[in-house]
Amino acid sequence: MSSDDTALMAEQMAYYRARASEYDNVYEHRADLRELLAVADRLPLTGDVLELACGTGQWTALLARRAASVTAVDASAETLAIARTRAAAPHVRFVQADLFEWQPPRRYDTVFFGFWLSHVPPARFPGFWRSVAASLAPGGRAVFVDDGPTEAANEELLTGESGHAALRRLQDGSAYRIVKVFHEAQSLTDQLAALGWSARVAPAAGHFLVGVASPIGASGPA
């Protein structure tokens, strides 16, 4: 990964730590996000679930109602503190770790990530999916939700830098650069196929994408 991407990822982490107390505001103001949360009831979120980039636990609480166990990982202590209050249950475990460095101690039936894939720099995309595959038990699946391409209209995109950056502002006026890659359903499906995944990616709740993917050759349908 380039030095530019390294700096961008560090700034992105600082942004989400600073935004922790404001993170959930968007769910109060956008009905389409609340509709997307309801989509979880139709997703194959079963067995032992590993959640990557759990944030403040919006999805963790939903996973906990469906899964035998949930291991929720995030780099931010600030967001994890909120998530622990939202999804406090004996079968939910929280881990503070850098997702690109952390090695899971076991394999899982489902790996879930909500609004994380668009924050993965293109240079790290193949390695990220290799780590997801290594985290899955035989027959396991990756399940994800994220912004669709129309959400780009709601971002302050930066040009002339990495080509995949946006500027986010907090209520106090401070500004941070983040990684933001807007995937289209078909192109993402094709990218995953090239990496050895069988995937179904489709629009959901108007402006979002929902995907279910399995490593090709693994037992069980995608």
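Just above sits the structure.
Residues numbered from 1 in each chain as written. Predicted model: local features only at pLDDT ≥ 70, side-chain atom pairs only at ≥ 80, totals over all residues. Heavy atoms only, no water.

Caption draft 1: Spatial organisation of helix H4 (residues 58-66). The buried fraction of H4 amounts to 7 of the 9 residues, a majority that puts the element mostly inside the structure. Every buried residue of H4 is accounted for by Gln58, Trp59, Thr60, Ala61, Leu62, Leu63 and Ala64. (Buried < 20%, exposed > 50% of the residue type's maximum accessible area, 1.4 Å probe, protein only. Helix = DSSP H or I, 4+ residues; strand = E, 2+ residues; numbered from the N terminus.)

Caption draft 2: Region of the structure containing the pairing of strand S4 (residues 108-114). Burial runs high along S4: 6 of the 7 residues are buried. Bridge analysis of strand S1 (residues 48-52) against S4 gives 4 bridges, and the strand direction is parallel. In the strand pairing of S4, Glu51 is matched with Phe112. Once you follow S4 into helix H6 (residues 125-135) and on to strand S5 (residues 136-147), the crossover reads as right-handed. (Pairing = 2+ DSSP bridges. Right-handed = clockwise from strand over helix to strand, strands pointing away.)

Caption draft 3: Here's a closer look at the sheet that holds strand S8 (residues 175-179). Pairing within the open sheet is antiparallel, and its 3 strands lie in the order S6-S7-S8. Each end of this open sheet is capped by a strand with a single partner; those strands are strand S6 (156-158) and S8. Adjacent strand axes in the sheet meet at a mean angle of 40° when their direction is disregarded. Set on the sheet, helix H1 (residues 3-19) makes contact with strand S7 (165-169) and S8; between it and S8 the angle comes to about 120°. (Axes fitted to C-alpha atoms, helices over the stretch in contact; angles between N-to-C directions. Contact = heavy atoms within 4.5 Å.)

Caption draft 4: Quick peek at unusual backbone geometry. The backbone phi angle of Phe115 is positive, close to 55°, even though this residue is not glycine. Tracing the backbone shows Phe115 in the loop between S4 and H6. Positive phi, close to 50°, is recorded for Ala205, a residue that is not glycine. Assignment of secondary structure puts Ala205 in the loop between strand S9 (197-204) and strand S10 (208-215).

Caption draft 5: Quick peek at the side chain of Gln12. Looking at the secondary structure, you find Gln12 in helix H1. Each residue touching Gln12, except ones within four places of it in the same chain, is listed here: Trp116, His119, Arg177, Ile178 and Val179.

Caption draft 6: Seen up close, the pattern of salt bridges. Throughout the structure, instances matching the rule amount to 9 salt bridges. Of the charged contacts, one joins Arg17 and Glu78 as a salt bridge, the two residues approaching to 2.9 Å between their closest N and O atoms. Pair noted here: Arg17 is in helix H1 and Glu78 is in helix H5 (residues 77-86), with a separation of 61 residues, a long-range link. By relative accessible area, which is 30% here, Glu78 ends up partly exposed. The residue Asp24 makes a salt bridge to Arg86 at a minimum N-O spacing of 3.1 Å. Taken together, the residues span a long stretch of sequence, with Asp24 in the loop between H1 and helix H2 (25-29) and Arg86 in helix H5 at a distance of 62 residues. A relative accessible area of 33% means that Arg86 is categorised as partly exposed. Put simply, Arg30, Asp32 and Glu151 are held in one network by salt bridges that share partners. (Salt bridge = Lys/Arg side-chain N within 4 Å of Asp/Glu carboxyl O.)

Caption draft 7: How the structure looks around the pairing of strand S3 (residues 92-96). Of the strand pairs in this sheet, strand S2 (residues 69-74) and S3 are connected by 5 bridges, and their pairing is parallel. Counterpart to Val70 in the pairing with S3 is Val92. With H5 bridging S2 and its parallel neighbour S3, the resulting β-α-β unit is right-handed.

Caption draft 8: The arrangement of the nonpolar core in detail. Among the nonpolar cores identified, the biggest contains 39 residues, and Leu36, Trp59, Phe94, Phe112, Phe115 and Val145 are the most heavily contacted of them. No other element matches H4, which puts 5 residues into this core. Counting 36 residues, the second-largest nonpolar core is a separate cluster that includes Tyr108, Phe128, Leu136 and Val179. (Core = buried A, V, L, I, M, F, W, Y, C linked by side-chain atoms within 4.5 Å.)

Caption draft 9: Focus on the packing of aromatic side chains. Enumeration over the complete set of coordinates arrives at 14 aromatic pairs. Ring plane angle 45° and centroid distance 5.9 Å describe the contact between Phe100 and Trp116, whose orientation is recorded as tilted. Of this pair, Phe100 sits in the loop between S3 and S4 while Trp116 is found in the loop between S4 and H6, placing the two residues 16 residues apart along the sequence. Assessed through its relative accessible area of 10%, Trp116 is described here as buried. Centre to centre, the rings of Trp129 and Phe144 are 5.9 Å apart; their planes meet at 75°, and the pair counts as edge-to-face. Separated by 15 residues along the polypeptide, Trp129 in helix H6 and Phe144 in strand S5 bring together distant segments of the chain. Of the aromatic side chains, those joined through ring pairs into one cluster are Phe113, Phe125, Phe128, Trp129, Phe144 and Trp197. Above the plane of the ring of Tyr108 lies Arg106, whose end atom (NZ or CZ) is 4.7 Å from the centre. For Arg124, the ring lying beneath its charged end belongs to Phe100, and the centroid distance is 4.3 Å. (Phe/Tyr/Trp six-rings, centres within 6.5 Å; stacked < 30°, edge-to-face > 60°. Lys NZ or Arg CZ within 6 Å of the ring centre and 35° of its normal.)

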